[in-house]
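So you can see what is in the structure, the chains are spelled out below.
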Amino acid sequence: MEKQPRLLASQLLLKNSLFEVSLNRVLLTWKEIATKKKRVSGGIHHPFKVGFCFPKFLRRDKGESGTSHGVSVSEILAVRELDVDSETKDDGRWQKMPQKSTEAYPYAFTVSYVERAWQHRWRCSDVTFHCLEGALCQQWVQTIREQLTALTSRPKHLLVYINPYGGKQQGERIYEQKVAPLFTLASISTHVIVTEHANHARDHLRTEAELKKYDGVVCVGGDGMFSEMVHGLVSRTQRDNGVDQNSPEEKLVPCTLRIGIIPAGSTDCICYATVGINDPVTSALHIIVGDAQPMDVCSVHHNNTFLRYSVSLLGYGFYGDVLADSERKRWMGPARYDFSGFKTFLTHHYYEGTVSFLPATDILGTPRDKTRCRAGYHQPLFLLPEYKGGWRVIRGKFLAINAASMSCACPRSPKGLSPAAHLADGTTDLILVRKCSRFNFLRHLLRHTSKYDQFDMNFVEVHRVRRFRFTPRYCQSDSELDLRENGKRLFSQICRDHPACSCSPAYSSWNCDGEILPHAAIEVGCVTTPYNLLCKYTVHSESI
Ligand SMILES: CCCCCCCCCCCCC/C=C/[C@@H](O)[C@H](CO)NC(=O)CCCCCCCCCCCCCCC
Ligand SMILES: Nc1ncnc2c1ncn2[C@@H]1O[C@H](COP(=O)(O)OP(=O)(O)OP(=O)(O)O)[C@@H](O)[C@H]1O
Ligand SMILES: [Ca+2]
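Cut-off values and rules
- Residues numbered from 1 in each chain as written.
- Chains lettered and ligands numbered in written order.
- Predicted model: local features only at pLDDT ≥ 70, side-chain atom pairs only at ≥ 80, totals over all residues.
- Heavy atoms only, no water.
- Domains from an automatic or database assignment.
- Contact = heavy atoms within 4.5 Å.
- Buried area = accessible area lost by both parts, 1.4 Å probe.
- Salt bridge = Lys/Arg side-chain N within 4 Å of Asp/Glu carboxyl O.
- Polar contact = N/O pair within 3.5 Å; in protein donor to acceptor, adjacent residues only side chain to side chain.
- Donors = N, O, S within 2.8 Å, 3.2 Å for Na, K, Ca; no water.
- Buried < 20%, exposed > 50% of the residue type's maximum accessible area, 1.4 Å probe, protein only.
- Near = heavy atom within 4 Å.
- Areas by Shrake-Rupley, 256 points an atom, 1.4 Å probe, with all protein chains shown as cover.
- Helix = DSSP H or I, 4+ residues; strand = E, 2+ residues; numbered from the N terminus.
- Pairing = 2+ DSSP bridges.
- Axes fitted to C-alpha atoms, helices over the stretch in contact; angles between N-to-C directions.
- UniProt positions renumbered as here; feature names shortened; annotations may be inferred.
- Nonpolar A, V, L, I, M, F, W, Y, C, P; charged D, E, K, R; others polar.
- Core = buried A, V, L, I, M, F, W, Y, C linked by side-chain atoms within 4.5 Å.
- Expected span 1.5 Å × (residues − 1).
- Phe/Tyr/Trp six-rings, centres within 6.5 Å; stacked < 30°, edge-to-face > 60°.
- Lys NZ or Arg CZ within 6 Å of the ring centre and 35° of its normal.

Caption draft 1: Main features of the domain arrangement of the chain. Annotation of the chain at the domain level lists domain 1 (6-149) and domain 2 (157-529). Contacts between domain 1 and domain 2 engage 13 residues on the former and 16 residues on the latter. When the area that domain 1 buries against domain 2 is broken down by residue, the three leading residues are L77, H120 and W122, summing to 56%. At the junction of domain 1 and domain 2, the tally comes to one salt bridge. Linking R123 and D279 is a salt bridge whose minimum nitrogen-to-oxygen distance equals 3.0 Å. Our count for the contact surface shared by domain 1 and domain 2 stands at two residue pairs in polar contact (both at pLDDT 80 or more).

Pasting the structure below:
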């Protein structure tokens, strides 16, 4: 790294030890100055004692002159002057300073910063430096504040929507107890809306919200809430730019606001697959430091009519049936998916139809790669010079047809439905699971929870695609495809007509990021758009 000119350097007291503290445009570092007489009790205050990974750029070396630490300026959350008198009043957190030290260093300031903890978790940590003079203390506070103000990617005003009914119905509590205090610490002003009904956030964003006042929007909830935000923002942007959403060929205009997710849902796959963990504090800290990550958005059409956008899973067959069944059991909370998953596994329905897809031949990388794409760990993608290939058509009987635009990693399956899917490459991984025995399907499902390859089975195939279409076999006319009206009627008719069909219904439903689509025949196009999530790392993908 290029050597940066020093902005400030002083000898300051940290707990009972003297440190050489230095600030440049990139790093704040503090290094213990060796003294003959070592401090007797308490140990120096250092936040990384208990085996944590170090923050970005942080080093802790123990050379001749003692321990040294560093934190990236981009991961400093706040700095504030401290009332030393109140600090030394024992609040259980700070130890009383020896009389000699407080007398000599009566001024202090505290720096709050991101500490990288275990398994992708981030935590907020504090370090307090004591100064000899008030002017020096103020100079440090002012200089660090100036550095933070210069970080233009950080949000200052956020519009927050809380779904009080998502997941375990803890959205409001999670926000008030874990997130709001961090936003206050980082001087972020918020306008908070607790939603009163489904689609409240979507409609407010689409029509009413004064978006100019905000640097980003935040949803506290699950994948369904995130989907509401995407629909509200994307629809508004297309309307404002005269883009016809009903045309499958139209290019989406990216919107300028970023969306942050505070996970408080049942699956939280969008948060988990991007950040690596579904942890509200981690997400809040990513939002504060202004991290961003573009992501793929698939638009789903039926007969030249726009249905929905999808950013994670479009699933027909197994995941569609699990969702349809689980919606009636919302009262069970997140456990509804396990219950309906078990039930759907036992019913073992397959669905006949035709899948046509346009393979993504102009990129390197396949769904069978061993690489993992999370924000911050992005594998660079390369454009191949020439685009070749046309549509491919596969007919068959499928237990599941899944299109994963990202890995879809979640606590149930930490590697996800398609572990090597990229976040922002304009493709989706199309996974076809053909009719097989219950035992084999169970083996396939179990592999989502282990290191074994779920695609390495002769009834499973996976293709990285730019577009795909699905037409169910018993699709007689387009008007007939309103599932809610015709699904049941067709089911009984087909069972009468095809006694060997094991009573599999003609249609399943599409699970589109946790919402049921009203049609079985769909056309899907995938594009990369900079709908940045605020809760991500800063590294941008080489998106196409
Ligand atoms: C035997 C254990 C096998 C476990 C296999 C686990 C694979 C789990 C893969 C999860 C993929 C989630 C994709 C994300 C979808 C989200 O856009 C959506 C909205 O939040 N969530 C769901 O649709 C929620 C979908 C939830 C699906 C849960 C499926 C549970 C299957 C349980 C099968 C039990 C068989 C037991 C036989 C003895
Ligand atoms: N105030 C509300 N009352 C009822 N439903 C709401 C309200 N606000 C939002 N919703 C709807 O609740 C549904 C579920 O929300 P959410 O995605 O937050 O939780 P989840 O379904 O439990 O989690 P996941 O999607 O991660 O599985 C969404 O479809 C959303 O439209
Ligand atoms: Ca993708």
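Caption draft 2: Looking closely at the coordination of the calcium ion (ligand 3). For the calcium ion (ligand 3), the full set of protein donor atoms is D296 (OD), S405 (O), H422 (O), D425 (OD) and T427 (O), at a range of 2.2 to 2.7 Å. Spacing between the donor residues of the calcium ion (ligand 3) along the chain follows D-x108-S-x16-H-x2-D-x1-T. This pair shows no difference in class: H422 is buried, exactly as D425 is.

Caption draft 3: Structural view of the site of ligand 1. D223, T267, S312, N511 and D513 are the nearest of the 20 residues found near ligand 1. Between D223 and ligand 1, the recorded distance is 2.7 Å, taken from a side-chain N or O atom to an oxygen atom. At 3.2 Å, a side-chain N or O of S312 approaches an oxygen atom of ligand 1. For ligand 1, the protein covers 86% of the area, taking 850 Å² as the surface of the free molecule. Looking at the shell around ligand 1, the elements that each hand over two or more residues are α10 (335-347) and α11 (438-447). It is α10 that contributes the most residues to the shell around ligand 1, four residues altogether.

Caption draft 4: Up close: the sheet that holds strand β12 (residues 258-263). Taken in spatial order, the four strands make up an open sheet running β10-β9-β11-β12, and their pairing is parallel. Unpaired on one side and paired on the other, β10 (189-194) and β12 mark the two borders of the sheet. For this sheet, the mean angle separating the axes of adjacent strands, direction not counted, is 20 degrees. As judged from the six bridges shared by strand β9 (residues 157-162) and β10, these two strands associate in the parallel manner.

Caption draft 5: Layout of the pairing of strand β8 (residues 122-131). With eight of its 10 residues buried, β8 lies for the most part within the structure. Relative to β8, strand β7 (residues 107-116) runs antiparallel, the two sharing 10 bridges. By the bridge assignment, V111 is partnered in β8 with V127. What sits between the antiparallel neighbours β7 and β8 is a turn of five residues, in which Q119 has the positive phi angle 50 degrees.

Caption draft 6: Looking closely at the environment of G167. Within the secondary structure layout, G167 lies in the loop between β9 and α4 (171-185). Sequence-wise, G167 and L148 are 19 residues apart; in three dimensions their C-alpha atoms are separated by 35 Å. Sequence-distant contacts of G167, defined by excluding residues within four places in its chain, comprise A264, G265, S266, G333 and P334.

Caption draft 7: Molecular detail of the UniProt feature "domain: DAGKc" (unreviewed entry) in the chain. With numbering matched to this structure, UniProt assigns "domain: DAGKc" (unreviewed entry) to residues 153-304. Secondary structure across residues 153-304 divides into 38% helix and 21% strand, with the first and last C-alpha atoms of the span separated by 38 Å.

Caption draft 8: Geometry of the site of ligand 2. By nearness alone, 24 residues border ligand 2, and T195, G222, G224, E228 and S266 come closest of all. The separation between an oxygen atom of ligand 2 and a polar main-chain atom of G224 is 2.7 Å. Between an oxygen atom of ligand 2 and a main-chain N or O atom of D268, the distance comes to 3.0 Å. Protein contacts shield 89% of the accessible area of ligand 2, which totals 630 Å² for the unbound molecule. Among the secondary structure elements, those contributing two or more residues to the shell around ligand 2 are α6 (223-240) and α10. Of the residues forming the shell around ligand 2, the biggest block, four residues, is contributed by α6. The residue inventory of the shell around ligand 2, partitioned by class, reads five nonpolar, 12 polar and seven charged.

Caption draft 9: Representation of the pattern of salt bridges. Counting across every chain of the model gives 18 salt bridges. The shortest N-O distance in the salt bridge between E210 and K213 comes to 3.8 Å. Since its relative accessible area comes to 46%, K213 is described here as partly exposed. Linked through salt bridges whose partners overlap, the residues forming this network are D325, R328, K329 and K343.

Caption draft 10: Up close: the nonpolar core. Of all hydrophobic cores here, the largest spans 36 residues; its most connected members are L159, Y161, L205, V217, F226, M229 and L233. When contributions to this core are tallied by element, the ones reaching two or more residues are β9, α5 (200-208), β11 (216-221), α6, β12, α7 (269-275), β13 (295-302) and β14 (305-310). Looking at this core element by element, the count peaks at six residues for α6.

Caption draft 11: Highlighting the side chain of S407. Tracing the sequence through the fold places S407 in the loop between β17 (392-404) and β18 (428-434). Within the local environment of S407, its side chain forms a polar contact with the backbone nitrogen of A409, the two atoms lying 3.2 Å apart. Setting aside residues no more than four positions away along its own chain, S407 makes contact with A273, K415, G416, L417, S418, P419 and A421.

Caption draft 12: Representation of α10 in the model. In this model, α10 (13 residues) spans 19 Å end to end at C-alpha, consistent with the 18 Å of a helix rising 1.5 Å per residue. Turning to α10, the residues buried within the fold contact α9 (318-327) and α11. Taken from the residues just after α10, H348 is the one with a positive phi, measuring 55 degrees.

Caption draft 13: Looking closely at the packing of aromatic side chains. For the structure on display, the rule yields 14 aromatic pairs. Between the aromatic rings of Y316 and F470, the centroid separation amounts to 4.6 Å while the plane-to-plane angle is 50 degrees, which identifies the pairing as tilted. In this pair, Y316 sits in strand β15 (residues 313-317) while F470 sits in strand β19 (residues 460-472), placing the two residues 154 residues apart along the sequence. In terms of burial, Y316 and F470 fall into one category: buried. Judged by its relative accessible area of 1%, Y316 is buried. Aromatic ring contacts, followed pair by pair, group W30, F109, Y113, F129 and W140 into a single cluster. A cation sits over an aromatic face here: R336 above Y337, 4.4 Å from the ring centre.

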